[in-house]
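Structural overview for review
The residues making up each chain are set out below.
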Amino acid sequence: MNKRTRFLKKGSRAFTLVEVIVATGILILISITLIAVLNSTRKIWRETTSRAEQFREARRAFERITIRLSQATLNPYWDYVNAAGQPRTITNAASFVPAGYARQSELRYIQVDAKSLTAPRGGTLHGVAVFFQAPTGVVRTPGFDGMDKLLNTIGFFLEQGSDATLLPSTIQPSAARNRYRLFELVQPAESLSIYSFTSGNALYNGNEWFTQPLAVVKNSTLLSENIIALTFVAIYEDVNGNIIENHYYSSAPSANFPQPVEANNIPPKVLVTMLAIDEVSALRMQKQNISLPTVNTESDLPALESVLVAQKLNYQKFQGVVRIGAAQWITE
C-alpha cells in the first residue's frame, strides 16, 4: 500500500513552470496562426464579394445596352427624288420634278468617336458612343405617362472624371474619386427634339439631335462605375453583298445619288464590347496613378488587356452581337 501510494503521488504531480510556459507559447502560436488564417479568409471573401457585386452591376449595364440597342428604329419609308437624287425640300418645292425613289427617315442612328464630343459632367469621354431613337416610352412630366410606345432619344457613353457632380450639394467628399463611368442618355418623350431638325429637311445630317440633349446633365443616368472600355461595331452588307464592319457609323442622309447603303439605314447587327474592373483595382489605380491606354476601337483592346494583366488588375470582358429587328436592311 505504501508503494502504491507513493506511485500515485508521483504520477499526479503538478506541471512545472517550464511546461506551462511552453504550453502557453504553443497556444499563442496556434491562436496567431488561426487569426491570420481567419483574417486572410475574411479578406479574400470580402474582395471576392466586392468583385462579384461590381461585375454583377456591370453585367446589368451590359444587358441594358443590348436591350435598348435592339429596340432602335428609324421607321424608314420611300419618297420621291428628282433626277439628281435630291428629295423635295422647302427650297426646291416649286421646281421639284419626281424622277425616282429613295429611302427617307426623320429619325437617326449614329456610332461616333466619343472623344469628339463634350462630356456633360466635365470629364473625358472614351471609346465609341452610340445614339438613336427607340420606342421606350420614358416620360418625366406628370400626366404624360402611360404611353409606352412614345419615342425617346437614347444613348450610351463612357466618361472618366470626378464624382463631385454626382453627389448631392450637401455632401462634401474628403477626396474626389476619379473613375470611369458608363452613362445612359434618355431624352424624355415630351422633350423629343429630333423632328425639329429633320421635319421638312430630308438632307439634315447634323448632330444637334443628340448633342443638345447630351448637354443636359439630368438626361444622363449612371449605369455602372469602373467600365474602362466601350466599343460598338456596326456589321452590315454593302451593295455587292460584302460584309462591312465599322466602329463609326451614321444613318444620316447623303446628297450623293445613288444613296450610300448606310443612308437612312440602321445596321442589322452591332457587336458590343465592354471591359469592367472591380473597385479594389480602381482604387489601386488611383492611389498608384496607373494610367490605361486609350481605347477608341476594337483593335485597341488587346493593348489595354495586356496592361491590366501586367498590373494585376482584376477585370472582366463582356461581348455580344445585338440584332436590331427594326433594321430592315436595304442595299438598293
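Read on for an overview of the structure. (Residues numbered from 1 in each chain as written. Predicted model: local features only at pLDDT ≥ 70, side-chain atom pairs only at ≥ 80, totals over all residues. Heavy atoms only, no water.)

**A word on the overall build of the chain**
In plain terms, the rule: Think of it this way: any DSSP run of H or I at least four residues long counts as a helix, any run of E at least two long counts as a strand, and we number them from the N terminus. Throughout, exposure labels follow a simple rule: accessible area from a 1.4 Å probe, protein chains only, divided by the maximum for the residue type, with under 20% read as buried, over 50% as exposed, and the rest as partly exposed. Contact definition: two residues touch when any of their heavy atoms are within 4.5 Å. Method for areas: the Shrake-Rupley scheme with a 1.4 Å probe, in which residue coverage is limited to the protein chains shown.
Regarding its fold elements, the chain presents six helices and 12 strands. Burial status across the chain gives 42% buried among its 332 residues. Restricting the contact set of the chain to residue pairs at least 6 apart, pairs at least 24 apart contribute 72%. In the structure as shown, the chain presents an accessible area of about 18,100 Å², 57% of it carried by carbon and sulfur atoms.

**A few points about the sheet that holds strand β7 (residues 220-225)**
Going by this rule: Two strands qualify as a pair provided that DSSP identifies no fewer than 2 bridges between them. Where helices are involved, their axes are fitted lines through C-alpha atoms of the stretch in contact, as for all axes, and angles between N-to-C directions lie from 0 to 180°.
One open sheet holds the six strands; their spatial order is β7-β6-β5-β4-β3-β10, and the pairing between them is antiparallel. Edge strands, defined here as strands with exactly one partner in the open sheet, are β7 and β10 (249-250). Note that strand β5 (residues 152-161) and strand β6 (residues 179-187) share nine bridges and pair antiparallel. Within the sheet, the bridge partner assigned to Phe157 lies in β6 and is Phe183. Here helix α5 (residues 279-288) sits on the sheet in contact with β6 and β7, set at roughly 115° to β6.

**Topic: the environment of Pro258**
Mapped onto the secondary structure, Pro258 falls in the loop between β10 and β11 (269-277). Separated by 174 residues in the primary sequence, Pro258 and Ala84 have C-alpha atoms spaced 9.0 Å apart.

**Some points on empty space enclosed by the protein**
Stated formally: Put simply, the grid is 1 Å and covers the protein atoms alone, a cavity is a trapped set of points that fit a 1.4 Å probe, a pocket is an open set with protein on both sides within 12 Å along at least five of seven lines, and lining residues have an atom within 4 Å of a point. Grid points are joined across faces, edges and corners, and a volume is the space filled by probe spheres set on the points. In this classification, Asp, Glu, Lys and Arg are treated as charged, Ala, Val, Leu, Ile, Met, Phe, Trp, Tyr, Cys and Pro as nonpolar, and every other residue, Gly included, as polar.
By the definition in use, this model includes two cavities of 30 Å³ or more. Surrounding the largest cavity, Gly85, Pro87, Ala102, Arg103, Gln104, Leu203, Pro253, Ser254, Asn256, Gln259 and Asn264 form its lining. When the residues that make up the lining of the largest cavity are grouped by side-chain class, the tally is four nonpolar, six polar and one charged. Estimated volume of the second largest cavity: approximately 40 Å³. Class assignment of the residues belonging to the lining of the second largest cavity gives a composition of five nonpolar, four polar and one charged.

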